[in-house]
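Here are the chains, one letter per residue:
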Amino acid sequence: MNDDNEQSSHSTDEPAQVTTAGAARGPWARRLLSKKSGGLVVAAGLACAVAGLTGAGTSSAADSTSSPSVTASDTSATPTATPAPTPKPSGPAGGGPVADPAPGGATGIVDTVSTSGFTFSTATGVKVTVDKGSTTTYEKGTHRTSAKAVKKGTSVLVLGTVDSATITATKVVVQPGGDGGAAAAKAAGVIPFQKGTPSPAKSVGQIPDYTEGEGTIVSGKAADNATKAAQAVVPGGINDRVVKLSNGEYEVHNISVNWPHHVFVSKDYKVLGYE
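The text that follows walks through the structure, step by step, so that each part is easy to find.

Procedures and definitions
- Residues numbered from 1 in each chain as written.
- Predicted model: local features only at pLDDT ≥ 70, side-chain atom pairs only at ≥ 80, totals over all residues.
- Heavy atoms only, no water.
- Helix = DSSP H or I, 4+ residues; strand = E, 2+ residues; numbered from the N terminus.
- Buried < 20%, exposed > 50% of the residue type's maximum accessible area, 1.4 Å probe, protein only.
- Contact = heavy atoms within 4.5 Å.
- Pairing = 2+ DSSP bridges.
- Expected span 1.5 Å × (residues − 1).
- Salt bridge = Lys/Arg side-chain N within 4 Å of Asp/Glu carboxyl O.
- Phe/Tyr/Trp six-rings, centres within 6.5 Å; stacked < 30°, edge-to-face > 60°.
- Lys NZ or Arg CZ within 6 Å of the ring centre and 35° of its normal.

1. Let's talk about the side chain of threonine 227
Part 1: When you line up the elements, threonine 227 lands in helix H3 (residues 220-233).
Part 2: Threonine 227 sits in the buried class, given a relative accessible area of 0%.

Spelled out as structure tokens, the structure:
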């Protein structure tokens, strides 16, 4: 499923264009996806995606070596939900409505470090700015660490509030030996953003009946766990919001790439499919 106003081929905006969960995306967005069949939870492509991951620690995203259906460690918390965001007048490049900032995250390799935060690049070359705060926490693998662990060239997963290509970090996970999600993105077939290039109409794995804009945006551990699962299997873009569907599953919205734009995650935070 494509998003007309996302940073993708169906937009002429610059990378990191964000769309609202409730906004109309074009004729393709108004059709209801047919229920996809599939006895397996994840297609063979997902297994390949995770097989290519490197790094240590169960809390890392793109470097996890677990099954392609990534399960977060803490599923006991009850997620908070907010209404779908109200469109703003225009995006960063003046090209259409964008969503209000919402919880999400991304994976990549650190480029620069400063006293206020750092920048990193995703596996598809998306430049992300990270703002840190007094409440930002840091992990290295599965252990707590400090901001000093974030250095140029290190692989990181950043969770927090996403506003286009800027993340106000709540948690930074340093992934020792990680590749910033490069192997996983390649295995999953993630297509980098190319202005003017149409997004392909294809899907991998199990896709639910889903209409663009349905569900409620969640925050807290539910958003973090769903984002970690999505970034482990399909890194390369920025997850700018997590939507809980009526059946209890999640749609993790993916921007700044031509494909995929939607990653579907189960109630227990395992990737089901993406399109």
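There's more to say after this.
2. Some details on the environment of alanine 102
Part 1: Among the structural elements, alanine 102 can be located in strand E2 (residues 102-113).
Part 2: For the pair formed by alanine 102 and glycine 160, sequence separation is 58 residues and the distance between their alpha carbons is 8.1 Å.
Part 3: With residues up to four places along the chain from it excluded, the contact list for alanine 102 reads Gly160, Thr161, Val162, Ile217, Asp240 and Arg241.

3. Remarks on the pairing of strand E8 (residues 166-175)
Part 1: Of the pairings in the sheet, the one linking strand E4 (residues 127-131) to E8 comprises 3 bridges and is parallel in character. Bridging from a neighbouring strand, valine 130 pairs with isoleucine 167 of E8.
Part 2: In terms of strand pairing, strand E7 (residues 155-163) meets E8 through 9 bridges, oriented antiparallel. What sits directly across from glycine 160, in E8, is alanine 169.

4. Description of H3
Part 1: Its 14 residues place the ends of H3 21 Å apart at the C-alpha level, agreeing with the 20 Å of an ideal helix rising 1.5 Å per residue.
Part 2: What H3 keeps buried is the set Ala222, Ala223, Asp224, Asn225, Ala226, Thr227, Lys228, Ala229, Ala230, Gln231, Ala232 and Val233.

5. Describing the pattern of salt bridges
Part 1: Within the structure shown, the criterion is met by 5 salt bridges.
Part 2: For lysine 127, the salt bridge is made with aspartate 111, and the minimal N-O distance between the two is 4.0 Å. Here lysine 127 is found in strand E4, whereas its partner aspartate 111 is found in strand E2, with 16 residues between them in sequence.
Part 3: Taken together, the salt bridges that share partners define one network made up of Glu212, Asp240 and Arg241.

6. Examining the packing of aromatic side chains
Part 1: Enumeration according to the criterion identifies 4 aromatic pairs in this entry.
Part 2: Look at tyrosine 250 and tyrosine 269: their rings are 5.4 Å apart centre to centre, the planes differ by 20°, and that puts the pair in the stacked class. Residue tyrosine 250 is found in strand E13 (residues 250-255), and its partner tyrosine 269 is found in the loop between strand E15 (262-265) and strand E16 (271-274); the two are separated by 19 residues along the sequence.
Part 3: Since its relative accessible area comes to 4%, tyrosine 250 is described here as buried.
Part 4: Above the ring of tryptophan 259, the side-chain terminus of lysine 202 is found at 4.4 Å from the ring centroid.

Function cannot be read off these values alone, since they describe shape.
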